[in-house]
Amino acid sequence: MPKKEAQAILPAYPSIETLAPYQIGKPIEELTREMGVTDVIKLASNENPYGSSPRVTLAITQELDKLARYPDGNGFGLKQKLADFYEVSPNQVTLGNGANDILDLLARSFVGHKDAMVYSQFAFIVYGILAKAQGALGIEVPAVHFAHDLAAMQQAVVKNTQTKIVFIANPNNPTGTVLEIEEVRNFIANIPPSVLVVIDEAYVEYCPAANHRALLDEFANVVIVRTFSKAYGLAGLRIGYALSSESVAEMLNRVRQPFNVSRLGLAAATAAIDDTAFIERSNQLNIEQRRWLGSQFDALGLGFIKSAANFIMVEIDNASSINQALLAQGVIVRPLQNYGLDNWLRVSVGTPEDNLRLIDTLRSILNNDAL
Ligand SMILES: *Cc1c(COP(=O)(O)O)cnc(C)c1O
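Now for a look at the structure at hand. Because the structure is predicted, anything quoted here is derived from the model rather than measured. (Residues numbered from 1 in each chain as written. Predicted model: local features only at pLDDT ≥ 70, side-chain atom pairs only at ≥ 80, totals over all residues. Heavy atoms only, no water.)

By the criterion of burial, strand E12 (residues 344-348) is predominantly enclosed, with 5 of the 5 residues buried. Pairing of strand E9 (residues 311-315) with E12, which is carried by 5 bridges, proceeds in the antiparallel orientation. Each bridged residue has a counterpart across the sheet, and for Met313 the counterpart in E12 is Arg346. Where strand E11 (residues 334-335) and E12 come together, 2 bridges link them in antiparallel fashion. From the neighbouring strand, Pro335 faces E12, where its bridge partner is Leu345. (Buried < 20%, exposed > 50% of the residue type's maximum accessible area, 1.4 Å probe, protein only. Helix = DSSP H or I, 4+ residues; strand = E, 2+ residues; numbered from the N terminus. Pairing = 2+ DSSP bridges.)

Turning our eyes to something else, we now look at the pattern of salt bridges. Taken as a whole, this structure holds 16 salt bridges when the rule is applied. Residue Lys26 is joined to Glu30 by a salt bridge in which the shortest nitrogen-to-oxygen separation is 2.8 Å. In this structure, Arg254 engages Glu250 in a salt bridge whose closest nitrogen and oxygen atoms are separated by 3.1 Å. Pair noted here: Arg254 and Glu250 are both in helix H11 (residues 246-255), with a separation of 4 residues, about one helical turn. Taken together, the shared-partner salt bridges connect Lys26, Glu30 and Glu34 into one network. (Salt bridge = Lys/Arg side-chain N within 4 Å of Asp/Glu carboxyl O.)

This brings us to the site of the ligand. All residues adjacent to the ligand are Gly98, Ala99, Asn100, Phe124, Asn173, Asp200, Ala202, Tyr203, Thr227, Ser229, Lys230 and Arg238. The contact in question runs from an oxygen atom of the ligand to an N or O atom on the backbone of Ala99, over 2.6 Å. Note that an oxygen atom of the ligand is positioned 2.5 Å from one of the side-chain N or O atoms of Thr227. Burial of the ligand by the protein amounts to 94% of the accessible area it has alone, namely 380 Å². For the shell around the ligand, the per-class residue count stands at 4 nonpolar, 5 polar and 3 charged. (Near = heavy atom within 4 Å. Polar contact = N/O pair within 3.5 Å; in protein donor to acceptor, adjacent residues only side chain to side chain. Areas by Shrake-Rupley, 256 points an atom, 1.4 Å probe, with all protein chains shown as cover. Nonpolar A, V, L, I, M, F, W, Y, C, P; charged D, E, K, R; others polar.)

This paragraph deals with the environment of Ser295. Structurally, the position occupied by Ser295 is in helix H13 (residues 276-299). For Ser295, a relative accessible area of 35% gives the class partly exposed. When the C-alpha positions of Ser295 and Thr361 are compared, they lie 16 Å apart, and in sequence the two are 66 residues distant.

Strand order across the open sheet formed by 3 strands is E9-E12-E11, with antiparallel pairing between neighbours. A strand with exactly one partner marks an edge of an open sheet, and here the two such strands are E9 and E11. The strands that H13 touches are E9 and E12; relative to E9, the one it contacts most, it runs at about 10°. Across the sheet, helix H14 (residues 319-328) is in contact with E11 and E12; its angle to E12 comes to roughly 40°. (Contact = heavy atoms within 4.5 Å. Axes fitted to C-alpha atoms, helices over the stretch in contact; angles between N-to-C directions.)

Further remarks concern the side chain of Asn283. Following the sequence through the fold, Asn283 ends up in helix H13. For Asn283, a relative accessible area of 13% corresponds to the buried category. If we ignore the near neighbours within four places in the chain, the residues touching Asn283 are Glu205, Tyr206 and Pro208.

Glancing now at the environment of Ile165. For Ile165, the position within the fold is in strand E5 (residues 163-169). Look past the residues within four positions of Ile165 in its chain and what remains in contact with it is Leu106, Ala107, Phe110, Val111, Ala116, Met117, Val118, Val195, Leu196 and Val198.

Now for the sheet that holds strand E7 (residues 222-227). Overall, mixed pairing links the 7 strands, which are arranged E2-E8-E7-E6-E5-E3-E4 in an open sheet. Each edge of the open sheet is held by one strand with a lone partner, namely strand E2 (93-96) and strand E4 (137-141). For this sheet the average axis-to-axis angle between neighbouring strands, irrespective of direction, equals 20°. Here E2 pairs with strand E8 (residues 240-243) via 4 bridges, running antiparallel. Residue pairing in the sheet places Gly96 in a bridge with Gly240 of E8. Along the sheet face, helix H7 (residues 126-133) touches strand E3 (116-120), E4, E5 and strand E6 (196-200) and points at about 165° away from the line of E3. Here helix H9 (residues 181-189) sits on the sheet in contact with E5, E6 and E7, set at roughly 160° to E6.

Listed below in structure tokens is the structure:
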């Protein structure tokens with residue numbers, strides 16, 4: 001059936017009709033299927049290139065004979081573990097099917113169609129998607145030097161009295177920019193207490209300085225969102241969580257799906273937290289390789305934004321054709337047209353081997369004028 005006809009018969013909520021879906025980093029299997037390229041490296045979704053802790057494999061194996069049973073829908077063990085780790089009550093922890101699930105729960109619990117959400121230009125694109133999904137007003141505040149302009153965001157919140165959530169991504173994806181905790185603290189102090197300040201810390205393990213945990217005790221309207229998808233290397237299992245006040249957690253718990261985290265996810269995350277050495281090692285390697293990539297971009301004459309996370313946003317003319325040329329060579333990175341960043345690519349920091357291949361491939365593409 002032609003698309004138009006389907007829309008006429010079943011009109012979606014108006015803001016959904018104009019909603020552009022989230023664009024994922026191209027899966028390796030898709031590139032192989034579409035272009036016949038086999039030896040593929042993926043530096044497009046900020047996954048941990050070193051996998052996950054060996055403890056995870058063991059923990060998952062022990063669950064394999066229990067897959068017929070539903071998981072613990074209350075996530076008791078993992079919540080307790082996170083509560084101990086962060087010195088909060090288990091009632092302050094909400095588990096999600098990835099941090100995206102948590103962001104979605106927040107929007108669905110606190111934002112209606114007459115409300116507004118505030119976020120920065122060039123911030124994680126999901127915030128704008130959530131605003132549209134709720135039929136709410138998404139207020140995008142212009143960035144300064146690719147970073148959040150907290151003063152302007154504070155003004156936008158105060159001016160738009162229907163604001164229910166303001167999002168801060170720290171470090172931010174895709175720019176890699178980071179805010180000082182003191183700046184964030186001052187920002188929250190000037191936000192009405194009835195507005196939720198959602199701090200997305202998806203990359204905090206790569207940037208321990210951007211740990212906002214202390215703010216949770218100072219402000220009842222702070223929500224910290226974290227994930228096992230990045231440094232913990234569990235993107236394929238989908239586990240994220242929020243730390244918040246008990247009353248916010250109670251609201252999220254009303255809205256969430258009964259078994260929103262899988263049995264394997266719960267077991268894997270519970271085991272992963274204990275392996276702090278794995279996180280430290282991943283962080284160390286990331287710092288070294290991020291520095292190396294920066295030096296290589298310098299050598300190629302490419303500008304880039306200094307990053308606090310495990311990816312770098314690099315400036316490149318004809319980014320879209322360069323991206324195509326990289327794909328043809330089996331190198332997947334992330335184009336950023338959907339962010340309005342046409343001349344930029346975001347590359348995840350990979351293993352030394354993958355990074356070398358990225359740079360070699362990029363150099364040969366740039367040296368070949370036949371693009
Ligand atoms: C990757 C990412 C997330 C969520 O990832 P999940 O896989 O859903 O846990 C959230 N916020 C930012 C900024 C991210 O980059």
